[in-house]
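Chain by chain, the residues run as shown.
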Amino acid sequence: MAAEYYRLSKDKVAELFERARADYDVVAKTRDANGNLVYGRPVSFDDVAFVDEQPPMSAKAFALPQTEALVRYERENDKIRAEGPEAPTRDILIFGVNMCDATAFDIIDRVFRWDYLDDPYLGRRAQTTQFALACASIQQDCFCDRISYDEDGVDAVAYDLEGSYLIKVQTEKGRTLVERYKDLFATEDGDAESSIKAFKEKAGTAKKEPMLESAKPALEKAFEHADWEILASTCIGCGVCTYVCPTCHCFDIQDEGGSSRGRRLRVWDHCTGRTFTAMAAEQPRDRQYKRYRQRLLHKFWYYPERFGPLLCTGCGRCITHCPVKINIRELVEYFGGLKDTPPGGARHGK
Amino acid sequence: MGNNSERLYVPRLARVAAVVDETPTIKTFRLAFDDGPRPDFKCGQFGEFGIFGVGEATFCFASPPDREYLEITVKNVGKVTRAFHNLNEGDVITLRGPYGNWFPYDDLKGKKLLFIGGGIGQAPLRGLLWTCLENRGDFEQLDLIYAAREECELVYERELVEFEGRDDLAVTLALDPVCPGEPIPGWRGRTSFVPPILEEERPSPEDRVVITCGPPIMIKLVAKSLLEKLDYAPGQIWTTLEMKMKCGLGKCGRCNIGSVYVCKDGPVFNYEQILSFPKEF
Ligand SMILES: Cc1cc2nc3c(=O)[nH]c(=O)nc-3n(C[C@H](O)[C@H](O)[C@H](O)COP(=O)(O)OP(=O)(O)OC[C@H]3O[C@@H](n4cnc5c(N)ncnc54)[C@H](O)[C@@H]3O)c2cc1C
Ligand code: SF4
Ligand code: SF4
Ligand code: FES
């Protein structure tokens, strides 16, 4: 559908949240007991952090939970019964989701609906509406300004234009949200796209050359580059980068329970770990730098080759939270031929 | 492909109808289906087989697609395969699939086929070899070289004896040499790795296609020998690749080599494709 534009005055946000709770299972940013920002299920708007600050964990768990039952099985009088997961009973609204998390859903969707339809994931996605809040200033380690993917696929986006929010609606699900609480929204008469452009310029999120998509041709030639070993060997394979990442979606399948009753689970897994590809006869990624290389190239070469966009929204979390300060943007720029000097300064390649 | 059953991860259940001890570490399981016809598959495809409470593992369909029964052959190497080895007749296993691509049977017609199997690598070749034998008129010549580390490691021994008695299939059996050149007492076949056999017999590349599966090192050395010493083109070699798999569906992100998903684009590959992959395997 063609985009539609509305205004939401700031003093109506609380009411929108409260009324939406009648129709949706509403997820929003909130502070946990330790004061950390998390996506959770606050029951009152007083506990909602309707701010652009980025929480350490992304919102992906609402479409791809860290653990979920794919199959439940039970033995009854010598017969085994196996059943699929139950679909969520209520629609989910992610209220005030960061743009880097909102766009990630559309990116992961492409994998889960590629040929075989992943019913547990797609079932939840069909019931999820994103109401995003665009960042008013680009944050620590973020580089969404260097990635072409923008508002694509996000149901509705709120831009903070001082006195009120400009709301851009892009999908039927976004339109349903506005329709349901129509009295809270005003129509927008101004040149909305110009306002959005000015907002992004000021926020520092407007796109800047060279975009990281342009690294791919050089990355394709850099698989055997000698500097991978020097620059990626510090990775300790902890997997933090993949757990905080909104686009990482690799998983394991494990059984929990006994032979007569239990669940077959999908659990998040990470390619930077030693056992990810270990087989009896061979371990193709037998060194840590090869495992890190897989993560980077999956995002900036393999995935784009098959699915189009990058497997990265530039949220910067993997940079912020890496215990050894590996910087994926700088490594993409270096191996992708956008910068001559490797991260850390002096040129030590061959 | 595109088998979009509504519940992608919910397996079918199958019953173990018979167990054959192939070697000290390998067993073949014949499976029966009480809830309908057995799944249809093509030579080269695989499935995700499991035991509730233990987990799933990837095995190829090891029987010919036109037989009534379905068989898998399992080598005991870890958690799930160990549990398979403890199965008895009547026990229930889970199955998803068939997944992946298959050998291009129609393109192979009219050619001379040379099968080269190593150890359990004979399992994915077995269905195709039987299919070729049953349609023997489709092929000008059929050869099989089958190698194992020791005599007790030969899989499908009873079939090998039958193969050796046929006059429409030339069979060479080989065991790894303990001391190179020295015969193993009582062994009816050769004592050699596969590449020296190829370099000695020199099967000409003319109209011939090689189909091979075995330990990764064997595949690499066989291909090297065919390409460098016997003038084969990479396109004349087909193999099936083993990468660690979990979903078999192109979702879990585990089996890729570059942008290729072995579970979706493979497991059957032409060596020309393999040479274009990033040097990861
Ligand atoms: C397309 C395809 C077809 C296949 N067909 C067959 C077939 O027909 N028959 C057959 O027998 N096999 C086949 N395989 C191989 C089979 O899938 C594996 O052997 C099986 O999945 C092993 O499962 P497991 O749970 O028993 O082993 P696991 O417990 O997962 O262990 C397997 C091996 O991985 C290594 N490993 C596991 N965990 C670790 C760790 N934490 N650290 C280091 N190393 C570790 C160990 O060396 C171990 O021996 C096929 C594989 C593919 C991809
Ligand atoms: S890159 Fe950093 S966060 Fe990621 S696995 Fe390596 S050490 Fe951990
Ligand atoms: S790869 Fe890093 S920067 Fe990109 S989306 Fe994932 S966590 Fe964010
Ligand atoms: S096995 Fe899961 S993607 Fe190939």
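Owing to the predicted nature of the structure, the values given are computational and were not obtained by experimental measurement.

Undergrad: Any chance you could explain the overall build of chain A here in plain terms?
TA: Secondary structure summary: chain A contains eleven helices and twelve strands in total. Here the C-alpha atoms of chain A give a radius of gyration of 22 Å, agreeing with the 20 Å that 2.2 N^0.38 yields for 350 residues. Projected onto its principal axes, the C-alpha coordinates of chain A cover approximately 70 × 65 × 40 Å. A total of 350 residues make up chain A; the buried ones form 56% of that total. Intrachain contacts of chain A at a sequence separation of at least 6 include 73% that bridge at least 24 residues. When the accessible surface of chain A is split by element, carbon and sulfur atoms take 48% of a total near 14,800 Å². Positive and negative side-chain charges of chain A, numbering 50 and 56 respectively, have mean locations separated by a distance of 4 Å.

Undergrad: Can you help me understand the pattern of salt bridges in this one?
TA: Any two side chains of opposite charge can pair, on the condition that their charged atoms come close. Residue and element names in this part refer to chain A. Taken as a whole, this structure holds 60 salt bridges over all chains when the rule is applied. Across the pair Glu333 and Arg146 runs a salt bridge whose closest N-O atoms are separated by 2.7 Å. With Glu333 in helix α11 (residues 328–335) and Arg146 in the loop between β7 (128–133) and β8 (156–161), the pair connects residues that are 187 residues apart, well separated along the chain. Between Glu305 and Lys216 there is a salt bridge, and its shortest N-O distance comes to 3.3 Å. Pair noted here: Glu305 is in helix α9 (residues 288–307) and Lys216 is in helix α6 (residues 216–221), with a separation of 89 residues, a long-range link. With a relative accessible area of 18%, Lys216 lands in the buried category. Sharing partners across several salt bridges, the network here consists of Asp150, Glu151, Lys168, Glu193 and Lys200.

Undergrad: What is the right way to look at the side chain of Thr242(A) in this model?
TA: Within the fold, Thr242(A) resides in helix α8 (residues 240–244). With residues up to four places along the chain from it excluded, the contact list for Thr242(A) reads Lys60(A), Cys248(A), Asp269(A), His270(A) and Arg295(A).

Undergrad: Just checking my understanding: could you explain the pairing of strand β1 (residues 4–9) of chain A for this structure?
TA: On any regular strand, side chains alternate: one points to one face of the sheet, the next to the other face. All names here are of chain A. Relative to strand β9 (residues 164–169), β1 runs antiparallel, the two sharing six bridges. The residue bridging Tyr6 from the neighbouring strand is Ile167, located in β9. One ladder, built from three bridges, connects β1 with strand β10 (residues 185–187); its direction is antiparallel. Counted as the bridge partner of Arg7 is Ala186 from β10.

Undergrad: I tried to follow the interface of chain A and chain B on my own but got confused; where do I start?
TA: One frequent convention defines the size of an interface as the accessible area lost when the parts assemble. The partner chain B presents 48 residues to the 49 residues of chain A that form the contact. Here chain A is connected to chain B by nine salt bridges. For the interface between chain A and chain B, the tally reads 27 residue pairs in polar contact (both at pLDDT 80 or more). Every element with two or more residues in the side of chain A that touches chain B is listed here: β4 (67–76), β5 (79–83), α2 (99–112), α3 (119–126), β11 (251–257), β12 (261–268) and α9 of chain A. Element by element, the count of residues in the side of chain A that touches chain B is highest for α9(A), at seven residues. Across the side of chain A that touches chain B, the residue classes break down as 25 nonpolar, nine polar and 15 charged.

Parameters and conventions
- Each chain has its residues counted from 1, following the order in which its sequence is written.
- Both sets of labels track the order of writing: A upward for chains, 1 upward for ligands.
- With pLDDT at 70 or above as the cut-off, local features in this predicted model cover only qualifying residues; side-chain atom pairs require 80 or more to be listed or tallied, and sums for whole chains, interfaces and linings still use all residues.
- To get the side-chain values, take all heavy atoms of the structure and skip hydrogens and water.
- Runs of E in the DSSP output that reach at least two residues are strands. Runs of H or I that reach at least four are helices, and both are numbered from the N terminus.
- The globule rule used for comparison is 2.2 Å times the number of residues to the exponent 0.38, while the radius of gyration itself is calculated over C-alpha atoms.
- Accessible area is worked out with a 1.4 Å probe on protein chains only. A residue is then buried under 20% of its type maximum, exposed over 50%, and partly exposed in between.
- Here, residues are in contact when the closest pair of their heavy atoms is within 4.5 Å.
- All accessible areas in this document rest on Shrake-Rupley with a 1.4 Å probe, and a residue is counted as covered only by the protein chains that are shown.
- Counted charges follow a simple rule, with Lys and Arg positive, Asp and Glu negative, and His plus the chain ends left uncounted.
- To locate a charge, take atom NZ for lysine, CZ for arginine, CG for aspartate or CD for glutamate.
- Salt bridges are defined by distance alone: a side-chain nitrogen of Lys or Arg within 4 Å of a carboxyl oxygen of Asp or Glu.
- When DSSP locates at least two bridges between a pair of strands, those strands are taken to pair.
- Two N or O atoms form a polar contact when they lie within 3.5 Å of each other; inside protein one atom must be a possible hydrogen donor and the other a possible acceptor, and for residues adjacent in sequence the pair counts only when both atoms belong to side chains.
- Polar here means any residue other than Ala, Val, Leu, Ile, Met, Phe, Trp, Tyr, Cys and Pro, which are nonpolar, and Asp, Glu, Lys and Arg, which are charged; Gly is therefore polar.

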